Amino acid sequence: MPTIRDLVSALRRRDGVDAAIVLGRDGLLIDGNSAAPLDPEGLAAHVPPMALAAVEMGLASQRGEFGLMVLEYAGGTVIVTALSTDAYLLVLLNPSANLASLLFELRRHRAQISALV
């Protein structure tokens, strides 16, 4: 059976992925791999407040539980997805990455990925 480390490694090997980080809901790093000079622990610490805002938006808009968010910046895209009640996955993509393909794979394999944490 694959491990969290296998998931992180597989994501990092994808073209255009600059970082793949699994973190706890408290923002502490569980496992991560990133291109220099990115700091996986520092990046992980920024996720919980953003996810909390997304959860609150889901409640206020009556859209249900938070599942995934995509943030677009001039230098690339950030994906945050809920893996379980205890963990998130953060993926940073550069502008050349195939965002649609990655989003499809994350949705398609959500149950299997969640089982790893």
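Residues numbered from 1 in each chain as written. Predicted model: local features only at pLDDT ≥ 70, side-chain atom pairs only at ≥ 80, totals over all residues. Heavy atoms only, no water.

**Things to note about the pattern of salt bridges**
- If you walk through the whole model with that rule in mind, you get two salt bridges.
- A salt bridge links Arg5 to Asp31, with the shortest nitrogen-to-oxygen separation between them at 3.1 Å. Taken together, the residues span a long stretch of sequence, with Arg5 in helix α1 (residues 4-13) and Asp31 in strand β2 (residues 29-34) at a distance of 26 residues.
- The exposure class assigned to Asp31 is buried, which follows from its relative accessible area of 10%. (Salt bridge = Lys/Arg side-chain N within 4 Å of Asp/Glu carboxyl O. Helix = DSSP H or I, 4+ residues; strand = E, 2+ residues; numbered from the N terminus. Buried < 20%, exposed > 50% of the residue type's maximum accessible area, 1.4 Å probe, protein only.)

**Here's the deal with the packing of aromatic side chains**
- Following the criterion strictly, the structure yields one aromatic pair and no others.
- With 6.3 Å between their ring centres and 65° between their planes, Phe66 and Tyr88 make a pair best called edge-to-face. Note that Phe66 is positioned in the loop between α2 (40-60) and β3 (68-73) and Tyr88 in strand β5 (residues 87-93), a separation of 22 residues in sequence. Note on accessibility: Phe66 and Tyr88 belong to one class, buried. (Phe/Tyr/Trp six-rings, centres within 6.5 Å; stacked < 30°, edge-to-face > 60°.)

**Regarding the pairing of β2**
- Two elements, strand β1 (residues 17-24) and β2, share five bridges in a ladder whose sense is antiparallel. Within the sheet, the bridge partner assigned to Ala19 lies in β2 and is Ser34. (Pairing = 2+ DSSP bridges.)

**With respect to unusual backbone geometry**
- The omega angle of the peptide bond from Ala36 to Pro37 is 5°, so this bond is cis rather than trans.
- A positive phi is found at Gln62, a non-glycine position, where the angle reads about 55°.
- Take Gln62: it is sitting in the loop between α2 and β3.

**Examining the confidence of the model for the protein chain**
- Here the protein chain shows a mean pLDDT of 93. Residues at 70 or above account for 100%.
- The element-level mean pLDDT for the protein chain is lowest in helix α4 (residues 110-115), coming to 82, with β3 highest at 97. (pLDDT = per-residue confidence, 0-100.)

**With respect to the pairing of strand β4 (residues 76-82)**
- Among the seven residues in β4, seven count as buried, and that is most of the element.
- The alternating pattern of β4 places Gly76, Val78, Val80 and Ala82 and Thr77, Ile79 and Thr81 on opposite faces, both of which are buried.
- The sheet contact formed by β3 and β4 spans six bridges and is antiparallel. If you follow Met69 over to β4, its bridge partner there is Val80.
- Joining the antiparallel neighbours β3 and β4 is a turn of two residues.
- Sheet topology places β4 next to β5; six bridges connect them, and they run antiparallel. Each residue of the ladder has a partner; that of Ile79, found in β5, is Val91.

**Details of the environment of Leu52**
- You can see Leu52 is positioned in helix α2.
- Expressed as a C-alpha distance, the spacing of Leu52 and Arg5, which sit 47 residues apart in the sequence, is 26 Å.

**Description of the side chain of Ser34**
- Mapped onto the elements of the fold, Ser34 is located in strand β2.
- Here the side chain of Ser34 touches Leu38 through a polar contact of 3.0 Å, landing on its backbone oxygen.
- The contact partners of Ser34, leaving out residues within four places of it in the chain, are Arg12, Asp18, Ala19, Asp39 and Pro40. (Polar contact = N/O pair within 3.5 Å; in protein donor to acceptor, adjacent residues only side chain to side chain. Contact = heavy atoms within 4.5 Å.)

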